[in-house]
Amino acid sequence: RGKKAFIAGVADDQGFGWAIAKCLAEAGCEISLGVWVPALNIFESSLRRGKFDANRKLSNGKLMEFSKIYPMDAVFDTLADVPKDILSNKRYAGNSKWTVAEVAESVKADSGNIDILVHSLANGPEVIKPLLETSRKGYLAALSASSYSLISLVQRFGPLMNKGGSVISLTYNASNRIIPGYGGGMSSAKAALESDTRVLAYEAGRKYGVRVNTISAGPLGSRAAKAIGFIDDMIRYSEENSPIQKGLSAEEVGAVATFLLSPLASGVTGHVMFVDNGLNAMGLAT
Ligand code: NAI
């Protein structure tokens, strides 16, 4: 039987989430998506209009299908947490059951248990501000959307994961090294995400028998990355200075994600795996 995967954080065909979905689909998984509520309309209409078809082609000639697409906002855990102005916001008002707990309930009702959970989302409203100029609100918003969202997902989806299941997220080495420009508390958010990966690996491992890992990826010109502003410089820097002097494709991250999510990695949990052409290992720019 094909494994069931839920992927949170896909809103176009350019990011890591899509590439992971495609690699899992190639491996025979059944895939459902959690799409950020404000991005859902455009994602679904683009999908319907065939805008992603070129990137949906699988090696067997078929197009990748999603068994379900759920609206989701990983900043809210239950309906009781949602402020009135969001509920009445026109981009949210047309959708329902998009808090993390409600999405988990819907997934359970629609597909029963799942095997694979992917967290491929982040948001830092003040990402372009240096940490020294970041507001408390901006910092906490970065942590809420980019770090606590993983805890929330594992809390709510853990009970519906089959034993032997596996969770991954995406992180960035700004957690360990100074990356000027990756601001707004996003560096802090990634440090929290990596630490939480270890603690969740222990707790969810003991409680549900699932593994929790994270991939520390090199720079990719995704929609989220373009919002940071200096992604093209990061890509150039990485190509020039990595041990392997080439660009990094989202598919290379998709392949490692698929490995970590598969039984081939049954002995790996609590791990931060670099997929960055080795840039993290350099001590000096060359
Ligand atoms: P992306 O734009 O494809 O993915 C980010 C997704 O997060 C989007 O689909 C967005 O709609 C969603 N999102 C934002 N706030 C949300 C919320 N509150 N609830 C639900 N969804 C929400 O961009 P990318 O780059 O593929 O990002 C995926 C992950 O990869 C992120 O964790 C990012 O930090 C990480 N990453 C990205 C790198 C890069 O250079 N692009 C490098 C290393 C890590």
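Below is a summary of the structure that appears in this document.

Cut-offs applied
- Residues numbered from 1 in each chain as written.
- Predicted model: local features only at pLDDT ≥ 70, side-chain atom pairs only at ≥ 80, totals over all residues.
- Heavy atoms only, no water.
- 1 Å grid on protein atoms, 1.4 Å probe; cavity = no way out; pocket = protein on both sides within 12 Å on 5 of 7 lines; lining within 4 Å.
- Points joined across faces, edges and corners; volume = space filled by probe spheres on them.
- Helix = DSSP H or I, 4+ residues; strand = E, 2+ residues; numbered from the N terminus.
- Nonpolar A, V, L, I, M, F, W, Y, C, P; charged D, E, K, R; others polar.
- Buried < 20%, exposed > 50% of the residue type's maximum accessible area, 1.4 Å probe, protein only.
- Contact = heavy atoms within 4.5 Å.
- Salt bridge = Lys/Arg side-chain N within 4 Å of Asp/Glu carboxyl O.
- Phe/Tyr/Trp six-rings, centres within 6.5 Å; stacked < 30°, edge-to-face > 60°.

### Regarding the layout of surface pockets
Logical step 1: The calculated volume of the second largest pocket comes to roughly 480 Å³.
Logical step 2: Around the second largest pocket sit 21 residues that line it, and Asn 173, Arg 177, Ile 179, Tyr 237 and Leu 279 are the ones nearest its centre.
Logical step 3: Elements that contribute at least two residues to the lining of the second largest pocket include exactly β6 (211–217) and α9 (231–241).
Logical step 4: Looking at which element gives the most residues to the lining of the second largest pocket, the answer is α9, with three residues.
Logical step 5: Broken down by class, the residue content of the lining of the second largest pocket amounts to 13 nonpolar, six polar and two charged.

### Regarding the environment of Tyr 237
Logical step 1: By the element assignment, Tyr 237 lies in helix α9.
Logical step 2: In this structure Tyr 237 comes out as partly exposed when scored by relative accessible area, which is 42%.
Logical step 3: Once the C-alpha coordinates of Tyr 237 and Met 72 are considered, the two residues, 165 residues apart in sequence, prove to be 34 Å apart.
Logical step 4: Aside from chain neighbours lying at most four places away, what touches Tyr 237 is Leu 279 and Ala 285.

### Observations concerning the pattern of salt bridges
Logical step 1: Within this structure, the stated rule accounts for six salt bridges.
Logical step 2: Lys 129 is the salt-bridge partner of Glu 126, the closest N and O atoms lying 3.7 Å from each other.
Logical step 3: One salt bridge connects Lys 246 with Glu 252, and the closest N-O pair in it is separated by 2.7 Å.
Logical step 4: With a relative accessible area of 28%, Glu 252 lands in the partly exposed category.

### Re the packing of aromatic side chains
Logical step 1: Here the structure, examined in full by the defined rule, presents nine aromatic pairs.
Logical step 2: Relative to Tyr 70, the ring of Phe 6 has its centre 6.2 Å away and its plane inclined at 55°; by these criteria the two rings are tilted. Separated by 64 residues along the polypeptide, Phe 6 in strand β1 (residues 4–8) and Tyr 70 in strand β3 (residues 68–72) bring together distant segments of the chain.
Logical step 3: We classify Tyr 70 as buried; its relative accessible area is 6%.
Logical step 4: Their ring planes at 50° and their centres at 6.4 Å tell us that Phe 43 and Phe 66 sit as a pair that is tilted. Taken together, the residues span a long stretch of sequence, with Phe 43 in helix α2 (residues 37–48) and Phe 66 in the loop between α2 and β3 at a distance of 23 residues.
Logical step 5: Ring pairs connect the aromatic residues Trp 18, Phe 43, Phe 52 and Phe 66, which therefore count as one cluster.

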